[in-house]
Amino acid sequence: MKYDYIIAGSGCSGLSLLYKIYQTTELQDKSILVIDKDQKNKNDRTWCYWEQKLGPFESIVHSKWNKLEFITDSFQKKQALESYTYKMIRGIDFYNFVLDYIKKFKKVNFIFEEIIEINSYKDCCFIKTNKNTYEGKYVFNSTPIFNPKINKQNSLLQHFNGWVIETKKKSFDSKIGRLMDFNITQEDGATFMYVLPISDKEALVEYTLFSPDVLKKEKYTLALTRYIKEVLEIDDYTIKHKESGIIPMSLAKFKGNPKKNIFNIGTAGGYTKASTGYTFQFIQKNISKIVDKLKVDKYPKIPITFGEKVNQWFDKTLLDVLINRKMSGKDVFCKLFKNNKLETILAFLSNESNFSMKLSIMKSLPIIPFFISGIKQLK
């Protein structure tokens, strides 16, 4: 059987594409095969993002905040958001939401096999697994098969370890999300804590680093334990959930269309913001562009606009400064948050900033290191 579309990988980008396709009337008769080595039946991650309006996944938003804070040893900023709302979705809720929705469509199949090869010939493409070979008109790939070489010269790793903790007494202000707390040791790279209260007795506490290497497991545990005890001043708590992950922050070029009829999506397609690792909303924006092409039967390659090239230049300039240690990550983010409104920073990080916002961001950072890196990224 030849499928209309094959989706390689059933993570956030694969399931987002599947959901968007079957939400589109013109595409609801398409045959789709989803291939992944694992079923999505575990709460393996949490996605946080911000948006100005109610989004397509509003019904599964686990918690949200309209006030955020940034903390360092020299200052603290706490601000209400004007147009954005900061939101959290749990992985298991997202998986269940999409999988429940697509049950009513009969032309979608899931196969749990390990993908070995993705290739194309003439007007068809195929995926070879450890058991079979499958053909389709288009393949949408979120696996690392076509990823560029990631190394310490062109990339940092954003690695994190987080706990959802529950306390017996009221310990959190559930209306305020702690976006970054840099008031901890920076010996391993740009390092901060992230505290998102779900209620006055429950919160996600996450230890995050931007560095060339990951740490030993016990170091994450020690940092979280110490922060909860010494900074949050909590002694009695239960760990309800643990999560960890590694996200590449890279200057390397991720190809959107590596071969004819094959399209990379998610991190594989360059949807991860190079300077911060944020991915969830960039997936939704790019998936929508793909589906807009599919529903009018156009080749779903998405051209990069001039505005997007400018945003990529900003990203790569900032990342080059961090990779080459022209400034510490703590110093960069402290200057950004000290000299800009939180709303301006969120707009910049989501590629939604206007010219005056971009100018404000540029003026808040030292000229020399960013000018040198900026020129370098134009080459």
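See the structure above.
Draft legend 1. How the structure looks around helix 3 (residues 217–230). Over its 14 residues, helix 3 runs 20 Å from end to end, which matches the ideal 20 Å to within 8%, given 1.5 Å per residue. Of the residues making up helix 3, those classed as buried are Tyr220, Ala223, Leu224, Tyr227 and Ile228. The arc that holds the buried residues of helix 3, viewed along the axis, is 125°, so those residues lie on one side. For helix 3, the exposed residues lying more than 90 degrees away from the buried face are Glu218 and Glu230. Residues of helix 3 that are buried make contact with strand 12 (155–167), strand 13 (176–181), strand 14 (190–199), strand 15 (202–211) and strand 16 (237–250).

Draft legend 2. A look at the sheet that holds strand 13. Strand order in the open sheet formed by seven strands is 6-5-13-14-15-12-16, and the pairing between neighbours is mixed. Edge positions in the sheet fall to strand 6 (76–80) and strand 16, since each has one partner strand and no second. Each adjacent strand pair in this sheet contributes to an overall mean axis angle of 15°, direction not counted. The pairing of strand 5 (residues 67–71) with strand 13 spans five bridges and is parallel. The residue bridging Leu68 from the neighbouring strand is Gly177, located in strand 13.

Draft legend 3. Structural detail: the pattern of salt bridges. For the coordinates displayed, the defined rule picks out 26 salt bridges. In this structure, the salt-bridge partner of Arg178 is Glu69, at a minimum N-O distance of 2.8 Å. Here Arg178, found in strand 13, pairs with Glu69, found in strand 5; they are 109 residues apart in sequence, far enough to count as distant. On the basis of relative accessibility, which here comes to 16%, the residue Arg178 falls in the buried class.

Draft legend 4. Fine view of the nonpolar core. In terms of nonpolar packing, the biggest core is built from 46 residues, with Tyr86, Val332 and Phe337 touching the most fellow members. Excluding anything up to four places from it in sequence, Val332 contacts Leu318, Val321, Leu322, Met327, Leu365 and Phe370.

Draft legend 5. Fine view of the packing of aromatic side chains. On inspection of all chains with the given rule, the structure shows 35 aromatic pairs. Between Phe70 and Phe182, the ring centres sit 5.9 Å apart and the planes meet at 50°, which makes this aromatic pair tilted. Here Phe70, found in strand 5, pairs with Phe182, found in the loop between strand 13 and strand 14; they are 112 residues apart in sequence, far enough to count as distant. By the burial criterion, Phe70 is buried, and Phe182 matches it. Between the aromatic rings of Phe192 and Phe210, the centroid separation amounts to 5.7 Å while the plane-to-plane angle is 85°, which identifies the pairing as edge-to-face. With Phe192 in strand 14 and Phe210 in strand 15, this residue pair connects regions lying 18 residues apart in the sequence. Given the relative accessible area of 6%, Phe192 is considered buried. Owing to a relative accessible area of 5%, Phe210 belongs among the buried residues under this scheme. Among the aromatic side chains, those forming a connected cluster through ring pairs are Tyr19, Tyr22, Trp47, Tyr49, Phe57, Phe94, Tyr95, Phe97, Tyr101, Phe105 and Phe280. A cation sits over an aromatic face here: Lys273 above Phe348, 5.7 Å from the ring centre.

The rules we used
Each chain has its residues counted from 1, running along the sequence as written. Owing to the predicted nature of the model, reporting of local features is limited to residues with pLDDT of at least 70; listing and counting of side-chain atom pairs is limited to 80 or more, with chain, interface and lining totals taken over all residues. Derived side-chain values reflect all non-hydrogen atoms in the structure, with water molecules and hydrogen atoms excluded from consideration. Only DSSP runs of H or I reaching four residues or more are called helices, and only runs of E reaching two or more are called strands; each is numbered from the N terminus. To estimate the expected span of a helix, count its residues, drop one, and scale the result by 1.5 Å. A 1.4 Å probe rolled over the protein chains alone gives each residue an accessible area, and that area as a share of the maximum for its type sets the label: buried under 20%, exposed over 50%, partly exposed in between. This arc describes the spread of directions from the helix axis toward the C-beta atoms. Residue contacts follow a heavy-atom distance rule, with two residues in contact if any of their heavy atoms lie within 4.5 Å. Two strands qualify as a pair provided DSSP detects at least 2 bridges between them. Axis definition: a line fitted to C-alpha atoms, limited for helices to the stretch in contact. Angles are taken between N-to-C directions and run from 0 to 180 degrees. Any carboxyl oxygen of Asp or Glu that lies within 4 Å of a side-chain nitrogen of Lys or Arg is treated as forming a salt bridge with it. Side-chain atoms within 4.5 Å are what join buried Ala, Val, Leu, Ile, Met, Phe, Trp, Tyr and Cys residues into a set we call a nonpolar core. The criterion for an aromatic pair is that two Phe, Tyr or Trp rings (for Trp, the six-membered ring) have centres within 6.5 Å, with stacked assigned to planes under 30 degrees apart, edge-to-face to planes over 60 apart and tilted to the rest. Charge-over-ring contacts are defined here by two conditions on Lys NZ or Arg CZ: a distance within 6 Å of the ring centre and an angle within 35 degrees of the ring normal.

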